[in-house]
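Now for the letters of each chain:
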Amino acid sequence: MCGIVGIVSDKPVADRIVDALKRLEYRGYDSAGVATFADGKMDRRRAPGKLTNLKKRISEEPLAGNIGIGHTRWATHGAPTEANAHPHMTQKVAVVHNGIIENFRELRDELGVDGYVPVSETDTEMVALLVTREMDKGAAPFDAAAAVIKRLEGAFALAMMFNGEDNLIIGARQGAPLAVGHGDGEMILGSDAIALAPFTNKVTYLEEGDWVALTKSDVRIFDIDGSPVNRPISTANTGAALVSKGNHRHFMSKEIYEQPDTISHTLSNYVNFAKRKIQLPQELPFDFSKLSKVTIASCGGSYYAAMIAKYWFEKYARLPVEVDIASEFRYREPPMEKGGLAIFVSQSGETADTLAALRYCVSQGQHIASIVNVAESTIARESDVVFPTLCGPEICVASTKATTAQQTVLATLAIAAGKQRGVLSDKDESELVDALAKLPGAMSKALASEPKIASLDKALSKAKDVFYLGRGALYPVALEGALKFKEITYIHAEGYAAGELKHGPIALIDEKVPVVVVAPSDALLEKTLSNMHEVAARGGNIILITDEAGAKHAGDDINEIILMPEAHELVQPIIATVPVQLLAYHTAVFMGTDVDQPRNLAKSVTVE
């Protein structure tokens, strides 16, 4: 969740870019920079740390120019140093970038063969070098940028400006937000409406795969295929920008679509992508190799995230995990070996039952770790170590981006445990980190299934009961899907382990019951499909969530298939969370319920 600002104007921009970046500080960052073009050349100023350092640098060495781009960076590839700070610049182009370029290693190797060698550790510099290579071959800036954007894989947002061009900024988005502000004699590019607010309230939100060419007086937008498109101009309520829905109908939709960006931001705090290693943000007050068990207690969707983590810790670290609902755990008063580890997962950090469970574990001499989205919360303050999810404010009561961020943090902890316990080799760790690096891009691809999912809303709205099935780490995703569905549609929904179907629930199946089966191609696919066919034989309406490989084995007795991108089994549960969120959302919208504030529910449950 780095921040991007670009301005092409008829007046100086450097100080205004810094002021706009300051409005994006809530997104988190560890370095910042600005580049401008004036007097026939590009120049830049960068500084590690806070924007005050950059502002001081610019006051000492001013930047002239009526065109410029700026950035606040949260380090993903390379340490938060000036050399790694954005903008990255060659003799031809300056680039700022949010997100992760998944194929940066392949691009780096290819560029090296042609003599284009990076000077930083970042993935972003590959974009600058690729554009430079195209321009060295004779391509105009517009054409060079268009060619390079097509080659990038992952979830990202970009802004570029070019040496010799005082009236052109190019931006692109794929899985990370980007918006255009229509000003008076100027155009502005920004990560969101908050950055644009000082300049204009006329905003165009770029859609997935869009890229844009800005001049002082014109905006040209192109879709993922390079075809010109028109996107509407909306009037932003700049006074309420921090809680704006943007171009989404509901906060839930906005927060679902923020997930590629929020996961990228969260990962950047736990992974060193350049070294392909887990790099936790602080020293641990315990040693995973000396633990005989981990206890995790939480509530609601956080409990299901913890259930997924149980599979990860036990598979990748061979570390037993006990997961319990906090409201049960606190009264069960289990015996606990002193010096053990207890992890507490809570979006708000104020959940009453989770806090009570934490305090019980303190009394039992446990090391206390918490995963929260509010770093100043009570649970965070009472923990020995805090693992923040860094996904920004979540307004909708039904959690989406906080849930997948919790899952992501737990995945990194499981890998760290496996490495520390000697279960995972360096090669194993690198393979799993590569899977995490591809996760934001995969989440973006998963969102592309929305039109298909939206088409199911009418049929699902007629159901009295909906069942969700999954096996292994996908079983908790089935539980999460059922929770989301019942929360916002008010239709009864239950999640089951697919193997338990014949132990009772199958008695409820008939032609009026939709059954959502979460079954990407993994080691348990055939077993899950066998259970699915048992449902189909009894008239159940099957909605299968799988990937292309899984679909090939699924058979013909399925009503609907929702395709997900193929991915490493580590990240399959996180990706599969997206379609179950969208199923609930679109059915609730069709039914006209209060999606963002469903009845009887509160965002933070601070009472028992």
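Further up the page is the structure itself.
Residues numbered from 1 in each chain as written. Predicted model: local features only at pLDDT ≥ 70, side-chain atom pairs only at ≥ 80, totals over all residues. Heavy atoms only, no water.

Per the secondary structure count, the chain includes 21 helices and 27 strands. For 608 residues, the compact-globule formula gives about 25 Å, and the C-alpha radius of gyration of the chain, at 24 Å, lands near that figure. Here the C-alpha coordinates of the chain stretch approximately 75 × 55 × 50 Å along the principal axes. Residue burial in the chain is summarised as follows: out of 608 residues, 61% are buried. Taking all contacts inside the chain whose residues are at least 6 apart in sequence as the whole, residues at least 24 apart take part in 71%. (Helix = DSSP H or I, 4+ residues; strand = E, 2+ residues; numbered from the N terminus. Rg over C-alpha atoms; globule rule 2.2 N^0.38 Å. Buried < 20%, exposed > 50% of the residue type's maximum accessible area, 1.4 Å probe, protein only. Contact = heavy atoms within 4.5 Å.)

Right, let's talk about the packing of helix α3 (residues 104-113) against helix α4 (residues 124-136) for a bit. For any two helices packed against each other, the geometry is given by the interaxial angle and the distance between the axes. Between α3 and α4, whose axes approach to 10 Å, the crossing angle comes to 40°. By the angle between their axes, α3 is oblique relative to α4. Remark: the crossing between α3 and α4 carries left-handed chirality. Across the interface between the two elements, F104, L107, R108, E110 and L111 from α3 touch M126, L129, L130 and R133 from α4. Classifying every residue of the contact of α3 with α4 gives 6 nonpolar, no polar and 3 charged. (Axes fitted to C-alpha atoms, helices over the stretch in contact; angles between N-to-C directions. Parallel < 35°, antiparallel > 145°, perpendicular 65-115°, else oblique. Left-handed = near helix turned anticlockwise from the far one by under 90°. Nonpolar A, V, L, I, M, F, W, Y, C, P; charged D, E, K, R; others polar.)

Quick look at the nonpolar core now. Ranked by size, the top nonpolar core spans 95 residues in total, and within it W312, F313 and Y468 carry the most contacts. Among the elements that take part in this core, helix α21 (residues 572-591) stands out by supplying 11 residues, more than any other. Not counting residues up to four positions away in its chain, the partners in contact with Y468 are A478, G481, A482, F485, A493, E494, G495, Y496, V516, V580 and L583. Core analysis: the second largest hydrophobic core is formed by 31 residues, V95, L111, V127 and F162 among them. (Core = buried A, V, L, I, M, F, W, Y, C linked by side-chain atoms within 4.5 Å.)

A separate point is the sheet that holds strand β27 (residues 560-563). Read across the sheet, 5 strands follow the order β24-β23-β25-β26-β27 without closing on themselves; strand pairing throughout is parallel. Edge positions in the sheet fall to β24 (492-497) and β27, since each of these pairs with one other strand and no more. Each adjacent strand pair in this sheet contributes to an overall mean axis angle of 20°, direction not counted. Bridge count for strand β25 (residues 514-518) against strand β26 (residues 541-546) is 5 bridges, and the pairing is parallel. Directly across from V516, in β26, lies its bridge partner I543. Here helix α19 (residues 525-536) sits on the sheet and contacts β23 (465-470), β25 and β26; the angle it forms with β26, its principal contact strand, is near 160°. (Pairing = 2+ DSSP bridges.)

Following the sequence through the fold, A567 ends up in the loop between β27 and α21. The sequence separation of A567 and D522 amounts to 45 residues, and the corresponding C-alpha distance is 9.6 Å. Filtering out sequence-adjacent residues up to four positions away, A567 remains in contact with Q572 and I575.

Another point: the pairing of β26. Counted residue by residue, β26 has 5 buried out of 6 residues, so it is predominantly covered. Of the crossover connections in this fold, the one passing from β25 over α19 to the parallel β26 is right-handed. Where β26 meets β27, 4 bridges bridge the pair, whose relative direction is parallel. Following the sheet pairing, T546 is matched in β27 by L563. (Right-handed = clockwise from strand over helix to strand, strands pointing away.)

The subject of this paragraph is the packing of aromatic side chains. In the structure shown here, the tally under the stated rule is 10 aromatic pairs. Ring geometry for W211 against F222: centres 4.6 Å apart, planes inclined by 20°, an arrangement best described as stacked. In this pair, W211 sits in strand β12 (residues 211-214) while F222 sits in strand β13 (residues 219-222), placing the two residues 11 residues apart along the sequence. For W211, a relative accessible area of 8% gives the class buried. Here F222 falls in the buried class, since its relative accessible area comes to 8%. The rings of F142, W211 and F222 are connected pair by pair, giving a single aromatic cluster. Of note, R599 hangs over the ring of Y490, and the distance from its end group to the ring centre comes to 3.9 Å. (Phe/Tyr/Trp six-rings, centres within 6.5 Å; stacked < 30°, edge-to-face > 60°. Lys NZ or Arg CZ within 6 Å of the ring centre and 35° of its normal.)

Attention now goes to the packing of helix α18 (residues 475-489) against α21. Viewed as axis vectors pointing N to C, α18 and α21 meet at an angle of 20°, and their least axial separation amounts to 9 Å. Looking at the two axes, α18 sits roughly parallel to α21. Here the hand of the crossing between α18 and α21 comes out right-handed. Residues V477, E480, G481, K484, F485, I488 and T489 of α18 form the contact with α21, whose own contacting residues are P573, A576, T577, V580, L583, A584, Y585, T587, A588 and M591.

Turning our eyes to something else, we now look at the pattern of salt bridges. Scanning the model with the defined rule gives 33 salt bridges in all. Of the charged contacts, one joins R133 and D114 as a salt bridge, the two residues approaching to 2.7 Å between their closest N and O atoms. Linking R133 in helix α4 with D114 in the loop between α3 and α4, this pair joins segments that are 19 residues apart in sequence. The closest approach of N and O atoms between K484 and E480, which form a salt bridge, is 2.7 Å. Of this pair, K484 and E480 both sit in helix α18, 4 residues apart, which is roughly one turn of that helix. Counted as one network, the salt bridges with shared partners bring together D43, R45, R57, E61 and E82. (Salt bridge = Lys/Arg side-chain N within 4 Å of Asp/Glu carboxyl O.)

A few words on the side chain of H88. Examined against the element boundaries, H88 turns out to sit in strand β5 (residues 88-89). Of the polar contacts made by the side chain of H88, one reaches the backbone oxygen of N84; its length is 3.2 Å. A distance of 3.2 Å separates a polar atom in the side chain of H88 from a polar atom in the side chain of T122. (Polar contact = N/O pair within 3.5 Å; in protein donor to acceptor, adjacent residues only side chain to side chain.)

Spatial ordering of the open sheet is given by β19-β18-β20-β21-β22, a layout of 5 strands whose pairing is parallel. At either end of the open sheet lies a strand with only one pairing partner, and these are β19 (321-325) and β22 (385-388). Each adjacent strand pair in this sheet contributes to an overall mean axis angle of 20°, direction not counted. Bridge analysis of strand β18 (residues 294-298) against β19 gives 5 bridges, and the strand direction is parallel. Pairing of V294 across the sheet is with V321, part of β19. Relative to strand β21 (residues 367-372), helix α13 (residues 401-420) is tilted by about 140°, and along the sheet it contacts β20 (341-346), β21 and β22.

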